[in-house]
Amino acid sequence: KEKIDKQKKLILSKLGGDNLNTYKKYNLKEIQNSIENNQVMVSYFFDPENLYIILLSNNNFEIKKIRKKNKVIEDLITKIRGSLNLNNKGIINKFDISNSNKLYNLIIEPIENKIQSKSELIIIPHKSLNSLPFEILLKNDTKNKAKFDYTNLNWFGKKFAISYYPSIYSYFELKSLPNNKSTFSFVGLGDPKFKEDKIQLSKKMDINKVMLRGIADPDEIRKLSELPETRDELKFIAEIFKDNSKLYLGNEFTEDKIKSIDLSKFKFISFATHAVIANQIENIGEPGLILTPPVKANKNNDGILTVSEIERLNLNSDIVILSACNTASEDGSPNANGLSGLTSAFFQAGTKSMLVTHWDVETNSAVYLTTKTFEKLKNMKNLSIALQKTKNEMMDNIETSHPLFWAPFVLIGNLT
């Protein structure tokens, strides 16, 4: 019994972080009692030599050891990620069915018979597994009949509504937060404006010159490409909420404006803009969101809403959407920590859940995913199920059946 208790403490500490605070605060029975009959929690943890899969339901607790290093998983994910973009001719790459199936066999097949009776998965990824939506894993290495027809493939996301959490601790903390009781109210922030007649835009922006001495350089930010499609995306979502919505776009999408808004009154918040992700800029220690830059920058208004500034926002939102951000490195390889700082900052500011993207989303797909998910949410009240049903519609449509279109959005936390 003592040996088993030590093992439980070790596992629960890994689920919760680097110490035993989670184990001390929540015992195993409390964790299991919080999980519904149709749910199962699956947590992954790498040590230097092995992958551990921890399975928790309201009546089961199991640990599986897989003799695979993180590097093996990371190499598979890099190959899969390479098939989720355009080639040098601007044509969508053929999806890597084979490696998706290999990854499924490594991380899902060992627990397949334990989860098949469930409909909702709570997934706690680790290391490279943060870099890929589990929804695109395939049970079978089946060749699709037509080159870009993926409608009949056995996607993992077709069967399960999936939500992700950083740890068991965050699962409990977010689950305990009350939902915003206000009527459906939405604020959309995006379509940053960069171009000015006096600015020479022909020269490619040097990302490492964006931040100088802790303050962003507006002239470098203005060399970024504008995102006019985000205006349409946010307007479409706002239409769902009618008069209970507000938009701050273009020249209104500034750091000064955002800091002056009482964001705590909005139930749903969407940012549609570029993100400066972790490790992308040498001279900045924190990621952030790009806004319309001021004519002259100062410490409080320089065109980048950094993680430390996001943390100081006063939120009471059920969800924050980051729809123009991605966690891909420039070479397409996984960057598991790409958005971790941003998501942590928004949770720290007071949101209950987040909808974030693993790669840049095609405009029409972004509009369809967000608007249809919110329409479904009005009736079912469960965000992971609403998102799953919307994705399934896109999987079944040959024009959007490639996961490039339907898979980028993932839900961190949930709204029920």
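Scope of this entry: the structure provided in the associated data block.

The rules behind the values
- Each chain has its residues counted from 1, following the order in which its sequence is written.
- Reporting in this predicted model follows two pLDDT cut-offs: at least 70 for local features of residues, and 80 or more for side-chain atom pairs to be given and counted; totals over whole chains, interfaces and linings ignore these cut-offs and use all residues.
- Calculated side-chain values reflect all of the structure's heavy atoms, with hydrogen atoms and water omitted.
- Angles here are taken between N-to-C directions and fall from 0 to 180 degrees, while the axes themselves are lines fitted to C-alpha atoms, restricted in helices to the stretch in contact.
- Only DSSP runs of H or I covering at least 4 residues are called helices, and only runs of E covering at least 2 are called strands; the numbering of each starts at the N terminus.
- Working rule for angles: under 35 degrees goes down as roughly parallel, over 145 as roughly antiparallel, 65 to 115 as roughly perpendicular, anything else as oblique.
- Helix crossings are classified by the rotation of the near helix relative to the far one: an anticlockwise turn of less than a right angle makes the crossing left-handed, while a clockwise turn makes it right-handed.
- Here, two residues are considered to be in contact whenever any of their heavy atoms come within 4.5 Å of each other.
- Pairing between two strands requires that DSSP report at least two bridges joining them.
- Using protein atoms alone on a 1 Å grid, points that fit a 1.4 Å probe yet trap it form a cavity, whereas open point sets bounded by protein on both sides within 12 Å along at least five of seven lines form a pocket; residues with an atom within 4 Å of a point count as lining.
- Grid points are joined across faces, edges and corners, and a volume is the space filled by probe spheres set on the points.
- For Phe, Tyr and Trp, rings pair up if their centres lie within 6.5 Å, where Trp contributes its six-membered ring, and each pair is then called stacked (planes under 30 degrees apart), edge-to-face (over 60) or tilted (otherwise).
- Note on exposure labels: buried denotes an accessible area under 20% of the residue type's maximum, exposed denotes more than 50%, and partly exposed covers the range between, all computed with a 1.4 Å probe on protein chains only.
- We define a nonpolar core as any set of buried Ala, Val, Leu, Ile, Met, Phe, Trp, Tyr and Cys residues linked to one another through side-chain atoms lying within 4.5 Å.
- We define a salt bridge as a contact between a side-chain nitrogen of Lys or Arg and a carboxyl oxygen of Asp or Glu at a distance within 4 Å.
- Here the expected length of a helix is defined as 1.5 Å per residue gap, with one fewer gap than residues.
- As used here, the arc belongs to the directions running from the helix axis to the C-beta atoms.

Focus on the packing of helix H10 (residues 229-241) against helix H14 (residues 363-380)
Thinking step 1. The N-to-C vectors of H10 and H14 enclose an angle of 15°; their axes lie 9 Å apart at closest approach. Comparing their axes, H14 and H10 come out roughly parallel. With respect to the hand of their crossing, H10 and H14 are arranged in right-handed fashion. For the pair formed by H10 and H14, the contact residues are Glu229, Glu233, Phe236, Ile237, Ile240 and Phe241 on the first element and Thr363, Ala366, Val367, Thr370, Thr371, Phe374, Glu375 and Lys378 on the second.

Quick word on the sheet that holds strand S12 (residues 288-290)
Thinking step 1. Strand order in the open sheet formed by three strands is S11-S12-S13, with antiparallel pairing between adjacent strands. Each having just a single partner strand, strand S11 (275-276) and strand S13 (304-306) make up the two edges of the open sheet.
Thinking step 2. Of the pairings in the sheet, the one linking S11 to S12 comprises two bridges and is antiparallel in character. Looking at the pairing, valine 276 lines up with glycine 288 of S12.

Examining the environment of threonine 254
Thinking step 1. Mapped onto the fold, threonine 254 is located in the loop between strand S9 (245-249) and helix H11 (255-260).
Thinking step 2. For the pair formed by threonine 254 and lysine 193, sequence separation is 61 residues and the distance between their alpha carbons is 9.4 Å.
Thinking step 3. If we skip the residues at most four places from it in the chain, threonine 254 touches Leu291 and Thr292.

Some details on empty space enclosed by the protein
Thinking step 1. What the rule picks out here adds up to one cavity of 30 Å³ or more.
Thinking step 2. Within this model, the largest cavity holds a volume of roughly 40 Å³.
Thinking step 3. Every residue lining the largest cavity is listed: Glu135, Phe160, Ala161, Ile162, Ser384, Leu387, Gln388 and Lys391.
Thinking step 4. For the lining of the largest cavity, the elements supplying multiple residues, two or more each, are strand S5 (161-164) and helix H15 (383-395).

Observations concerning the packing of aromatic side chains
One pair of aromatic rings is described through two measures. These are the centre distance and the angle between the planes.
Thinking step 1. Under the defined criterion, the tally for this structure stands at 13 aromatic pairs.
Thinking step 2. Seen from their ring centres, tyrosine 44 and phenylalanine 134 are 5.6 Å apart, and the 50° between their planes marks the pair as tilted. Pair noted here: tyrosine 44 is in strand S1 (residues 39-46) and phenylalanine 134 is in the loop between strand S4 (120-124) and helix H7 (156-159), with a separation of 90 residues, a long-range link.
Thinking step 3. Aromatic side chains phenylalanine 268 and phenylalanine 374 sit 5.0 Å apart centroid to centroid with 65° between the ring planes, which places their arrangement in the edge-to-face category. Placement of the pair is phenylalanine 268 in strand S10 (residues 268-272) and phenylalanine 374 in helix H14, with a sequence separation of 106 residues. As far as burial versus exposure is concerned, phenylalanine 268 and phenylalanine 374 are alike and both buried.

Some words on the nonpolar core
Thinking step 1. Membership of the largest hydrophobic core comes to 109 residues, with the highest contact counts inside it found for Tyr44, Ile107, Phe134, Phe156 and Phe271.
Thinking step 2. Apart from the residues within four sequence positions on either side, tyrosine 44 is in contact with Leu51, Tyr52, Ile53, Ile107, Ile108, Ile111, Ile123, Ile124, Pro125, His126, Leu129 and Phe134.
Thinking step 3. Counting residues in each nonpolar core, the second largest holds seven residues, with Phe194, Ile221, Leu224 and Val276 among its members.

Notes on the packing of H14 against H15
Thinking step 1. Look at H14 against H15: their axes get within 8 Å of each other, and the N-to-C directions meet at 135°. In terms of orientation, H14 lies oblique with respect to H15. When the axes of H14 and H15 are compared, the crossing they make is right-handed. Contacts from Ser365, Tyr368, Leu369, Lys372, Thr373, Lys376, Leu377 and Met380 in H14 reach Leu383, Ile385, Ala386, Leu387, Lys389, Thr390, Lys391, Glu393 and Met394 in H15.

Section: the side chain of serine 270
Thinking step 1. With respect to the helices, strands and loops of the structure, serine 270 is situated in strand S10.
Thinking step 2. Sequence-distant contacts of serine 270, defined by excluding residues within four places in its chain, comprise Phe186, Val187, Gly188, Leu189, Leu234 and Ile321.

Comments concerning the pattern of salt bridges
Thinking step 1. All told, the structure shown has 15 salt bridges when counted by the stated rule.
Thinking step 2. Two residues, glutamate 239 and lysine 242, come together in a salt bridge whose shortest N-O distance is 4.0 Å.
Thinking step 3. A relative accessible area of 52% means that glutamate 239 is categorised as exposed.
Thinking step 4. On the basis of relative accessible area, lysine 242 is assigned to the exposed category, the value being 58%.

Some thoughts on the pairing of strand S6 (residues 186-190)
Thinking step 1. Most of S6 sits out of view: five of its five residues are buried.
Thinking step 2. Judged by which residues are buried, S6 turns out to be covered on both faces: Phe186, Gly188 and Gly190 on one side and Val187 and Leu189 on the other are all buried.
Thinking step 3. Strand direction decides the pairing type here: S6 and S10, joined by five bridges, are parallel. Paired with leucine 189 across the two strands is phenylalanine 271, which belongs to S10.

Regarding helix H4 (residues 70-82)
Thinking step 1. Here H4 contains 13 residues, and its C-alpha end-to-end distance of 18 Å stays within 8% of the 18 Å for a straight helix at 1.5 Å per residue.
Thinking step 2. Taken together, the buried positions of H4 are Asn70, Ile73, Leu76, Ile77, Ile80 and Arg81. Summarising the axial view, the buried residues of H4 lie within an arc of 135°, below the 170-degree limit, and thus occupy one face.
Thinking step 3. Elements that come into contact with the buried residues of H4 comprise S1 and helix H5 (97-107).

Looking at unusual backbone geometry
Thinking step 1. A positive phi angle, close to 50°, is found at lysine 127, a residue other than glycine.
Thinking step 2. Residue placement: lysine 127 occurs in the loop between S4 and H7.
Thinking step 3. Positive phi values are uncommon outside glycine, yet aspartate 191 reaches one of about 55°.

Re H10
Thinking step 1. Among all positions of H10, only Thr230, Glu233, Leu234, Ile237, Ala238, Ile240 and Phe241 are buried. Along the long axis of H10, the arc covered by the buried residues comes to 145°, so they all point the same way.
Thinking step 2. Where H10 is buried, its residues meet S6, S9, S10 and H14.

By themselves, these are just geometric observations and shouldn't be taken as functional.
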